[in-house]
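Overview (structure and organization)
Chain by chain, the residues:
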Amino acid sequence: MTTATKNRKLPIGVQSFEKLRQGGYIYVDKTKYIYDLAHTGSQYFLSRPRRFGKSLFLSTLKAYWEGKKDLFEGLDIVELEKDNPDAWQPCPVFYFDFNGKNYAADTALEEVLDKHLVAWETVYGGDGNRPLEERFQNLLVRASEQCGRPCVVLVDEYDKPLLDNLQDAALLEHNRNVFRGFFSSLKSYDGYLKFVFLTGVARFR
């Protein structure tokens, strides 16, 4: 281990790739896997226990698809993408983070989804009075057309609103139905999608 490496900080609790890279933290280069994922498929689901690095990996994917090449300088992916003329062209990214919320209330899931959609509608436009799934579909179309590139959807711990309510059968089923309607857009609007990556601690259903 070099002196420079010894002086760098361990990223304990750091889940933001941008913060990690700008803060001089030690980073184990996993960007080759991002290159492989981006160039061999388009829809993925990763199920791993909590504290397994899923949120940091999604944050890294977000930075990659947003074209933030400066954050990746010195990492494998910059060399791997050097002959790709389409590399580092930013795509519209829809990042859903379901952590940090108690989903015991009847409308908690809808409130989180609405908060995400409102933020994106200020950028791309949209009608906040329509059903959640229609608003999301509208955003996929608007963002793709305005940016001239298909969209990227990243979902961190999709199953938290479900696992929080395992003892409440009615609310569990309610949240499952909300998700079923909302994320059906990922299949129906495939033509507007470049890449989809979901994480969870339970099997995806």
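Residues numbered from 1 in each chain as written. Predicted model: local features only at pLDDT ≥ 70, side-chain atom pairs only at ≥ 80, totals over all residues. Heavy atoms only, no water.

This part takes up the overall build of the protein. Check the secondary structure of the protein and you find 10 helices and 4 strands. Each helix (α) and strand (β) of the protein, taken in turn from the N terminus, gives the series α-α-α-β-α-α-β-α-α-β-α-α-α-β. In terms of overall dimensions, the protein has C-alpha extents of about 55 × 40 × 30 Å along its principal axes. Long-range contacts, defined as pairs at least 24 residues apart, comprise 69% of the intrachain contacts of the protein with a sequence gap of at least 6. Carbon and sulfur atoms make up 49% of the accessible area of the protein, which totals about 11200 Å². Positive and negative side-chain charges in the protein, numbering 28 and 28 respectively, have mean positions lying 6 Å apart. (Helix = DSSP H or I, 4+ residues; strand = E, 2+ residues; numbered from the N terminus. Contact = heavy atoms within 4.5 Å. Areas by Shrake-Rupley, 256 points an atom, 1.4 Å probe, with all protein chains shown as cover. Lys, Arg positive; Asp, Glu negative; His and termini not counted. Charge placed at Lys NZ, Arg CZ, Asp CG, Glu CD.)

On to helix H4 (residues 54–65), then. Along its 12 residues, H4 runs 17 Å from first to last C-alpha, staying within 8% of the 16 Å computed at 1.5 Å per residue. Burial analysis of H4 places 11 of its 12 residues in the buried class, which makes it a mostly covered element. Listing the buried residues of H4 in full gives Lys54, Ser55, Leu56, Phe57, Leu58, Ser59, Thr60, Leu61, Ala63, Tyr64 and Trp65. Two residues or fewer past H4, Gly67 is found with a positive phi of approximately 75 degrees. (Expected span 1.5 Å × (residues − 1). Buried < 20%, exposed > 50% of the residue type's maximum accessible area, 1.4 Å probe, protein only.)

Before going further, it helps to examine the pairing of strand S4 (residues 193–200). The two faces of a sheet get side chains in turn, since along a regular strand they alternate between them. With respect to burial, S4 is a largely interior element, 7 of its 8 residues being buried. Note: strand S1 (residues 43–47) against S4, 5 bridges, orientation parallel. Across the sheet, Leu46 pairs through a bridge with Thr199, a residue of S4. Sheet topology note: the strand S3 (residues 151–156)/S4 ladder contains 5 bridges and is parallel. If you follow Val153 over to S4, its bridge partner there is Val196. (Pairing = 2+ DSSP bridges.)

As enumerated under the stated definition, the model contains 26 aromatic pairs in all. Plain terms: the ring middles of Phe96 and Trp120 are 5.0 Å apart, the flat faces sit at 80 degrees to each other, and that makes the pair edge-to-face. Of this pair, Phe96 sits in strand S2 (residues 93–97) while Trp120 is found in helix H6 (residues 108–124), placing the two residues 24 residues apart along the sequence. Through successive ring pairs, a cluster of aromatic residues spans Phe17, Tyr27, Tyr44, Phe57, Tyr64, Trp65, Phe72, Trp88, Phe195 and Phe197. (Phe/Tyr/Trp six-rings, centres within 6.5 Å; stacked < 30°, edge-to-face > 60°.)

Counting buried positions over the 6 residues of S3 gives 6, a clear majority of the element. Side chains Cys151, Val153 and Val155 project from S3 onto one buried face, and the interleaved Val152, Leu154 and Asp156 project onto a second face that is buried too. For S2 and S3, the ladder comprises 5 bridges, and the chain directions are parallel. Counted as the bridge partner of Phe94 is Val153 from S3.

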